[in-house]
Amino acid sequence: MTGVSDIAIYQKLTAIADELDQLAGEGASLVGEAALLTAARTVRGMAGAVYKHIMNDTDESLDS
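Computed from a predicted model, the values in this text were never measured in an experiment.

What counts, and at which threshold
Residues numbered from 1 in each chain as written. Predicted model: local features only at pLDDT ≥ 70, side-chain atom pairs only at ≥ 80, totals over all residues. Heavy atoms only, no water. Helix = DSSP H or I, 4+ residues; strand = E, 2+ residues; numbered from the N terminus. Buried < 20%, exposed > 50% of the residue type's maximum accessible area, 1.4 Å probe, protein only. Contact = heavy atoms within 4.5 Å. Areas by Shrake-Rupley, 256 points an atom, 1.4 Å probe, with all protein chains shown as cover.

> Please provide a residue-by-residue account of the overall build of the protein chain, values included.
Helix and strand counts for the protein chain come out as two helices and zero strands. Each of the 64 residues in the protein chain was classed as buried or not, and the buried ones make up 14%. Sequence-distant contacts, at least 24 apart, represent 61% of the contacts inside the protein chain between residues at least 6 apart. On the protein chain, roughly 4800 Å² of surface is accessible, and the fraction owed to carbon and sulfur atoms is 61%.

> Just give me the short version of the environment of Ala34, but keep the residues and values in it.
In this structure, Ala34 sits in helix α2 (residues 30–63). Classification of Ala34 by relative accessible area gives partly exposed; the value is 40%. Here the alpha-carbon distance between Ala34 and Ala24, two residues ten residues apart in the chain, equals 7.4 Å.

Now the structure itself:
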């Protein structure tokens, strides 16, 4: 079964978070800006979790 690689998922989540940050800067209201910044922070957290997973897999393969 072929799927999307973890690095591709990390890159996409990071790009989405960057886009949300950019949109927050252009937001028309404080509520909208806060919502976008919160969403960006959440997506960045998901990207960070994927990145840690990638690095753990790399560390384990180096130990082998």
